[in-house]
Every structure is written in structure tokens, then in C-alpha cells.
Amino acid sequence: MTSMASTEMSYMTASLISDKSSVTKTSKVKLTLSDDDLNDMADETEFLMFELTNGAIVEDIPVNKNNENGSTVTVAYLSIYGYDEDGNEYVLNYTGTDRTLVFFETGDDTGTFELTVFDLSTLNITDDIAEIKFVWEDLSGPSFESVDVTLTLSVVKATLSVDRDTIPLSRHGPKITITVVDPAADTTWGKDTVTVTITLHNATDDIIRGPYNVPLTETDLRSGEFEGTWTLPAGDAVPNLIGGYLKVTYGDLSKEISFTLHDASVSVNTTSVAYGEAVKVTITDPDWNLDVNAEDEIELNINDTTGTPIKAVETGPNTGVFEAVFTVAYDSEEGYVMVEPGDCITVEYSDNTPTYTTPDMSDWPDAITFSYDICVKTFDASLELSPAEVGP
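Here the structure is a predicted model, which is why all the values come from computation and not from measurement. (Residues numbered from 1 in each chain as written. Predicted model: local features only at pLDDT ≥ 70, side-chain atom pairs only at ≥ 80, totals over all residues. Heavy atoms only, no water.)

Engineer: Account for the nonpolar core, with residues named and values stated.
Structural biologist: Core analysis: the largest hydrophobic core is formed by 35 residues, its most contacted members being Leu-48, Phe-50, Phe-103, Phe-118, Phe-134 and Trp-136. Taken together, the elements giving at least two residues each to this core come down to strand E3 (28-34), strand E4 (47-52), strand E5 (61-66), strand E6 (72-83), strand E8 (99-105), strand E9 (112-119), strand E10 (131-138) and strand E11 (146-153). Residue contacts for Phe-118: discarding those within four places in its chain leaves Ser-27, Lys-28, Val-29, Leu-52, Ile-80, Leu-101, Leu-123 and Phe-134. (Core = buried A, V, L, I, M, F, W, Y, C linked by side-chain atoms within 4.5 Å. Buried < 20%, exposed > 50% of the residue type's maximum accessible area, 1.4 Å probe, protein only. Helix = DSSP H or I, 4+ residues; strand = E, 2+ residues; numbered from the N terminus. Contact = heavy atoms within 4.5 Å.)

See below:
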């Protein structure tokens, strides 16, 4: 009698995981499948592929693999289901363009396959769905075991923020930076855009200017955060907006930013200088605080012999205080103001949105001008000889 040895086939249990456990309707997830039974070509990086067509139910979608002999075999069925809070199951439809998706093996002989991106926005996920389940029915073993991964669907509400609570009613171009966080608006593979609307209102809520449509650009790929800036046009800073506000609207979200007017003040550290001495001019005018995130600049008119304006720089972001420092000299050099001996120079600053303006004025009144004369000291010269007498 001849005895026959028997060999039993062993099968591995597959596993399926996602890089996210909590998602939104527009999330993009990475799926990782581990199944050594599908690793039958140790010296090659293998792949698994399946096709999705627009409008098709994502249930029992064949997942195919190319064998070493070039034939194609179905190794699994992929299904995606939705579940509501009560556990009721819903089949989902694919709403994207027809495409082939691929699980690529992470390397030769690993038995681990990754689908780098699956876009949930291509599924008809309704508002009553609380969970999404990917089901992998493994056909490589005798029992057709299924593995799955469940994702919790979270509702992320959009937010709207602006970088300032008030804005000067200034004709110099004050600006705001607007930020929208809305993961649902991240709908493409690139940087998406959203649009906010800006309107300018008077004290009785009437719209005086606008609407302006302002595009915001996504700060990074898949970030869901959008940012942009808007500058108040000089011609739209009109007196009848005094006591009013600027309104930013995104969907059902809105922010109101009050218009403000401020008195200006100017001071100088001296009105009499000698050559080589510095003059410091300080201007306090929040109406020139155009950008709360930067140090703004003002040009001062100085009637020296060159006629070159002097820049006053804000002492820090969002301070509304500006300083200019210059040195009086006889010769023109950078950073110096050229003045003849005994002459004076005039430093002028004009506040062209004075606070005595009223909303019923059709135009801005005359500016308030601050003027300081700074004079160059003169000195009598003397000459002494020593000794007073000299001779042979």
C-alpha cells in the first residue's frame, strides 16, 4: 500500500483601514488593504483595480487583478454603504465622472495595497447619513470573508472671520483680511475659491455702496481654509457712511465692522536745531492705520531745498502712531534735510477726514492742517590769535 501525503492550503484574513475615522461629505480618504493572498508575484509591485461609472450603485463592484500569465481575475467585491443614526442602511450612488481606481502595492512582496485618494464628494451622501462603510468581500479564500472600515460623518459648520472689528472711514485705502473655513467648499484637486459679498451701510442700515464680490483663495491643497483681502476704494469713503458699518457676508454667515473717524495730533521734539541735530515728528492718527497686520507709512511734506517728502513709519502694526526722524544738514544726503543757515523749514500734515464732518454733508470739508516751523540756529563766529603780537 502506498501512502499519499496531503498539503493543506492556508489563507490569510484581509484587513481594510482608512487614514481618517471622522470625515465630512467632501473629505478625501486613503484606503489601505493588507492581504498576503494577493501577493503572488514576489518580485513585482502588483495592483488591484475597479471601475466606477456615473450614476452606478456602489455595491459589489468587481476588483480585478492581473495574474502572472496576463489573465485578469476578480479577487474581491467592493461596496460602500451609508447608515443613519438608527442603523438603517442605504446604498450609495457614484456621481463623479467614469474612472478606474487602483490599489497599488506599496512595494515588491509586501501584500499591502493603497488607494491613495477616494473622494467622498463623488457619492450621493444625504444629510441623514451618519456613517460611511467600505466593505471588501474577499474572494481569495474559500469562505468569501468580508472586512470593512467605518467612517463617522461629521458636520463641520463654516466659519467667517475678519482681522479687525473697526475700520477707519479713510480715503487712503484701509483694508481688511477675510478668512472663511469651510471644508465643504474644498471640492477639487487644486486650490479652490469661495466668494464673499461686501456692502457698505449708513447709520440707518441703508446700503450706500456695493455689493462687491470678493474671491477668497484656499490657503493650501485640501485645507478648506480660504483667505483674501479687500481695500476700501477712496471714492467710496463718503461722509454719509459716518456711524455706519461694512458688512461681509458668506452664505448665512455675516460680520459687521464699524466705520470710525479719529482726531489727529502732531508733535515735534524741537523747533530750533543746529546742524547735525535730529528732529522727531510724531503723528497720532488711527485713520492712517490702514493694515492692522503691517506697519503703515505716511509721507510728510517738508519745504527744504530738495522738496523731498519724509516718511513717517507706524511704530508697530495696528498702533496708529507714526514717527519720522530726520537730521538737519547744510549738504543734501540721504536721511538729511538740507537747510541754509538761519532759515526755517515747515513740516505739514493734513487730516482730510476731520471728525467735525457730519453724515448729511455731500463731501468732506476742508482738511485740518498741522504746521510746524523748525529753524536752524545761527552762531556768531570769533577768531583769536595768540600771541597777539609777533615780530622778528
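There is more to say after this.
Engineer: Explain the side chain of Asp-192 residue by residue, including any values.
Structural biologist: Within the fold, Asp-192 resides in the loop between strand E14 (175-181) and strand E15 (193-201). Setting aside residues no more than four positions away along its own chain, Asp-192 makes contact with Ala-185, Asp-186, Thr-187, Leu-216, Thr-217, Glu-218 and Phe-226.

Engineer: Go over the state of the cysteines with me, naming the residues and quoting the values.
Structural biologist: Overall, the coordinates contain one disulfide when judged by the stated rule. Each disulfide pairs two cysteine sulfurs, and for Cys-344 the partner residue is Cys-375, the sulfurs being separated by 1.8 Å. Taking the torsion about the sulfur-sulfur bond, which here is approximately 95°, the covalent link between Cys-344 and Cys-375 counts as right-handed. Placement of Cys-344 in strand E27 (residues 344-351) and of Cys-375 in strand E28 (residues 368-376) is noted, with a sequence separation of 31 residues between them. Assessed through its relative accessible area of 37%, Cys-344 is described here as partly exposed. A residue is classified by how much of its surface remains accessible, and Cys-375, at 24% relative accessible area, is partly exposed. (Disulfide = S-S within 2.5 Å.)

Engineer: Got a sec to walk through the sheet that holds strand E17 (residues 225-231)? Specific residues and values, please.
Structural biologist: Strand pairing in a sheet is mediated by backbone hydrogen bonds. Such pairs are either parallel or antiparallel. Taken together, eight strands build an open sheet; the order of strands is E12-E14-E17-E16-E15-E18-E19-E13 and the sheet is mixed. The open sheet is flanked by strand E12 (159-162) and strand E13 (166-168), the only strands paired with a single partner. Ignoring which end each strand starts from, the neighbouring axes of this sheet average 25° apart. (Pairing = 2+ DSSP bridges. Axes fitted to C-alpha atoms, helices over the stretch in contact; angles between N-to-C directions.)

Engineer: Which residues make up the pattern of salt bridges, and what are the values?
Structural biologist: Taken as a whole, this structure holds 10 salt bridges when the rule is applied. With a shortest N-O distance of 2.2 Å, Lys-25 and Asp-127 are connected by a salt bridge. Residue Lys-25 is located in the loop between strand E2 (22-23) and E3, and its partner Asp-127 is located in the loop between E9 and E10; the two are separated by 102 residues in the primary sequence. Exposure remark for Lys-25: the relative accessible area of 30% places this residue in the partly exposed category. Bridged by salt links that share partners, the residues Asp-40, Glu-46 and Lys-65 form one connected network. (Salt bridge = Lys/Arg side-chain N within 4 Å of Asp/Glu carboxyl O.)

Engineer: Lay out the packing of aromatic side chains with the relevant residues and their values.
Structural biologist: What characterises a pair of aromatic rings is the spacing of the ring centres plus the angle enclosed by the ring planes. The final tally for this structure, using the stated rule, is five aromatic pairs. Their ring planes at 90° and their centres at 5.4 Å tell us that Phe-118 and Phe-134 sit as a pair that is edge-to-face. In this pair, Phe-118 is assigned in strand E9 and Phe-134 in strand E10, connecting sequence segments 16 residues apart. The rings of Phe-50, Phe-103 and Trp-136 are connected pair by pair, giving a single aromatic cluster. (Phe/Tyr/Trp six-rings, centres within 6.5 Å; stacked < 30°, edge-to-face > 60°.)

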